Amino acid sequence: MEGFLANVLNGLSWGMLLFLISVGLTTVFGVMGVLNFAHGSLFMLGAYLCMQFVRWVGSFWVGLLAGPPLVAALSILLERFLLRPLYGRDVSFQLLLTFGVMLFLDDGVRLIWGPAYHVVNPPALLSGVIPFFSQSYPVYRLFLVILGPLVGLGLWAFFSFTRWGKILRAAAMDRQMAEIVGVRVPVLFTAVFAFGAWLAALGGALAAPHQSVGPAMGERIIIESFIVVVIGGMGSFPGAFAGALILGLMNSFGTTFVPHLQMALPYILLAVILLTRPRGLFGGEA
Amino acid sequence: MTKRCAALLLVILIGWAMTGMGLAAEKPVKIGFVYIMSGPFATYGQFAKQGAELAIDEINKAGGINGRKVEALFEDSTGKPDVGIRAIRKLVFENEVDVVMGLDSSGVASAVAPVMNELKTPLIITHAATPDVTGTKCNRYTFRVSLNVNQNIAMAAAIAADMKAKTWTTAGPDYSFGHQSWEYFQKYLSARKPDAVFLPQAEVAFSPAATTDFSAFITKIMNSKADGVLISLWGGNLIDFVRQAGDMGFFDGKREILMTLGAATEVLYALKDKMPEGIWVGTRYWFQANDTPVNKAFVDAYFKRFNVYPSYNAHGAYGAVRSYAAAAAKTKSVDKEKIIDGLRGLTIELPVGNITIRPEDHQAVTDGVWGKTATDPNMPIRILKPMRKFAGKEITPPVAETGCKMN
């Protein structure tokens, strides 16, 4: 029982981090049709900026609040000056561009902060452990487990009930129609791209206290995020949530029960989903 | 007019003489280095580069190798075998280096070693520890000046034999290095302590190299019945593991822990006080392990220049350059074939102590050290106290056991 619950919590906390990354990825894809390879690098940038703020002012919360908007600001420049000229062209141009941006950011981070690993401490409020049967469990992980659904709920409410959310969904469904009824799609695209970047950077800032901050940390998470997005359904919001949960739990339980297969499990699931439900678990006809 | 002619002639003659002098000065000795310079393990490449530069500058200041200046070229293996092979081919064919040094990953080393036969260029491995490259895949051109898995695990087993733990498990990277570490640990500990129990393969924790969340592996070990853990994770993996394990109460004193590469300064600088005290950690070189003048000079020069203490990877690169220079002095040549004769059986004093490169398998017999992590208020990182030192002869398996058939 104890092991089971620990596995559930381990899986949920990793899953929630994955969710934050994949939800940005899937939103950008859903609305703009752009597969952003640099998403993992924005995640990494979020972690580095959080670390830098912790060094400057000594507060994790400042890093968590101030880092992601900076990354979003950078991504506005990326969208406006690099991505926008490519919208009319073949998708492969966008893939190449975002891949290039990823390499650029990865090396940029190494030039600024060096190749060494950095450690960010969780804030005092969340740094303890709580007793958990005969063992203990870190509070910070519980914080992640709770924060994930809260962010998810907030996003869902935003998409369902606010005017902006509805406009976004409309533009995702039919870009031309949205333009005809007066939606300024270019501005909308910039906003969505920045929003996705903000989510990635938020994930990065949240990941900073529980893993080492180092160059290429984004490469490790982007692959799993792509799997989450495909499993859940490209562009699907609940899909990203379900996919992230499945992958997180599969990771923790797989490690315990089928260690030889653990590495392959996400890919097996990916193959099964692509064969049986190519649009993903929550992928609609849109 | 004749005056001007004479002046012109003089200028031409002087110019000619100077070019002639330029031609007479020999071309530099080129050393190609291949390390992981990007990605999550890049900090290891950084330290190695510093160690190599320090050695080369010292040698150049003292007149170079056999009177020729030494020049370094660095390539990034990215930790991938195909990239590593490409980098070495480029160094050999395009840059025409005289020797190749480096390699961090065992995966890269295993792929590269057989290629050296075909490139006919000496390779001195300074970090990668797989026994294969001086064992079943040994060849005329491949050497290693650093400790290998067998040697390091022999020390781990000696320390484990004195511990109370009865049942052992492991946390290691899920590729040859992690699996070989565990395999040799079982072999060597069983020999010393026949009643030691080891968890079966399905119950130990091998994590993919890309893992950043180790909670599932930590939970698995904590819920197993093992009271001893051999940790062969390294680099970013080890940092993540130690931090997360610390949060989850893994270091609560209920289990004996051995970290085979825990005393890498790359890791200790990142973790600082997050590295728990009282844990046995291994390394390939520890900067405080001996107070010979050679070691003191190396550590002082390194710290003065880079403001950090040298890691084993820095020492590996430094030691390889020094060994190469010694072999070149011995054979009075940098000819690729002659250097091999110089390296075979070479004994040289490095900061780590005296090492001897065995002529039969090209593995260096070098002293090893393990220690318990401790705090020193004057040091920015954890230090080792007490230390246990092992003589190279004690921990190096005989040539017959390595499976090496030298061509």
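Since we're looking at a predicted model, the values are computed, not measured. (Residues numbered from 1 in each chain as written. Chains lettered and ligands numbered in written order. Predicted model: local features only at pLDDT ≥ 70, side-chain atom pairs only at ≥ 80, totals over all residues.)

Our next topic: the overall build of chain B. Within chain B, the regular secondary structure consists of 14 helices and 16 strands. Taken over C-alpha atoms, the radius of gyration comes to 23 Å for chain B, in line with the 22 Å a tight globule of 407 residues would show. Expressed as lengths along the three principal axes of its C-alpha atoms, the size of chain B is roughly 100 × 50 × 35 Å. Taken across its 407 residues, chain B has 55% of its residues classed as buried. (Helix = DSSP H or I, 4+ residues; strand = E, 2+ residues; numbered from the N terminus. Rg over C-alpha atoms; globule rule 2.2 N^0.38 Å. Buried ≥ 20, exposed ≤ 12 C-beta atoms within 10 Å, placed from the backbone.)

A common measure of how large an interface is: the accessible area buried when the components associate. Facing 32 residues of chain A, the contacting portion of chain B comprises 32 residues. Elements represented by at least two residues in the side of chain A that touches chain B include exactly helix 1 (2-32), strand 2 (135-138), helix 9 (217-232) and helix 10 (237-257) of chain A. Here the residues of the side of chain A that touches chain B sort into 15 nonpolar, 15 polar and 2 charged. (Contact = placed C-beta atoms within 7 Å. Nonpolar A, V, L, I, M, F, W, Y, C, P; charged D, E, K, R; others polar.)

Turning next to helix 6 (residues 176-192) of chain B. Residue and element names in this part refer to chain B. For helix 6, spanning 17 residues, the distance from its first C-alpha to its last is 24 Å, which sits close to the expected 24 Å at 1.5 Å a residue. Every buried residue of helix 6 is accounted for by Phe177, Gly178, Gln180, Ser181, Trp182, Tyr184, Phe185, Tyr188 and Leu189. Turning to helix 6, the residues buried within the fold contact helix 4 (106-119), helix 5 (149-161), strand 6 (167-173), strand 8 (205-207) and strand 9 (228-231). (Expected span 1.5 Å × (residues − 1).)

Another aspect to go through is the sheet that holds strand 1 (residues 29-35) of chain B. All names here are of chain B. Strand order in the open sheet formed by 5 strands is 2-1-3-4-5, and the pairing between neighbours is parallel. Two strands bound the open sheet, and with one partner strand each, they are strand 2 (70-76) and strand 5 (142-144). Direction aside, neighbouring strands of the sheet carry axes that sit 25° apart on average. Relative to strand 2, helix 3 (residues 81-94) is tilted by about 150°, and along the sheet it contacts strand 1, strand 2 and strand 3 (99-102). (Pairing = 2+ DSSP bridges. Axes fitted to C-alpha atoms, helices over the stretch in contact; angles between N-to-C directions.)

On to the confidence of the model for chain B. Interpretation of the predicted coordinates at a detailed level should be avoided for regions scoring low in pLDDT. Residue and element names in this part refer to chain B. In this model, chain B carries a mean pLDDT of 91, and residues with pLDDT of at least 70 account for 94%. Long-range and interchain partners of residues 16-24, a stretch whose pLDDT sits below 50, account for 0 contacts in this model, where long-range means more than four residues apart. Predicted as a complex, the structure gets a pTM of 0.85 and an ipTM equal to 0.79. (pLDDT = per-residue confidence, 0-100.)

Attention now goes to the sheet that holds strand 12 (residues 347-350) of chain B. All names here are of chain B. Read across the open sheet, the 3 strands follow the order 12-13-14; overall the sheet is antiparallel. At either margin of the open sheet sits one strand with a lone partner, and together these are strand 12 and strand 14 (364-365). Strand direction decides the pairing type here: strand 13 (residues 353-357) and strand 14, joined by 2 bridges, are antiparallel. By the bridge assignment for strand 14, isoleucine 357 is matched with alanine 364.

What follows concerns unusual backbone geometry. All names here are of chain B. For the bond running from lysine 385 to proline 386, omega is -5°, close enough to zero to count as cis. On the secondary structure map, proline 386 appears in strand 16 (residues 383-390). If you check the backbone angles, threonine 78 has positive phi at about 55° while not being a glycine. With respect to the helices and strands, the residue threonine 78 is situated in the loop between strand 2 and helix 3. With 21 C-beta atoms counted inside 10 Å, the residue threonine 78 sits in the buried group. Even without glycine at this site, glutamate 96 takes up a positive phi of about 50°. Residue placement: glutamate 96 occurs in the loop between helix 3 and strand 3.

Residues and elements named next belong to chain A. Here helix 4 (residues 91-113) contains 23 residues, and its C-alpha end-to-end distance of 33 Å stays within 8% of the 33 Å for a straight helix at 1.5 Å per residue. Along helix 4, the positions that sit buried rather than exposed are Gln94, Leu97, Thr98, Val101, Met102, Leu105, Asp106 and Val109. Contact partners of the buried residues in helix 4: helix 2 (39-57) and helix 3 (60-83). Looking one or two residues past helix 4, glycine 114 carries a phi angle of roughly 80°, positive in sign.

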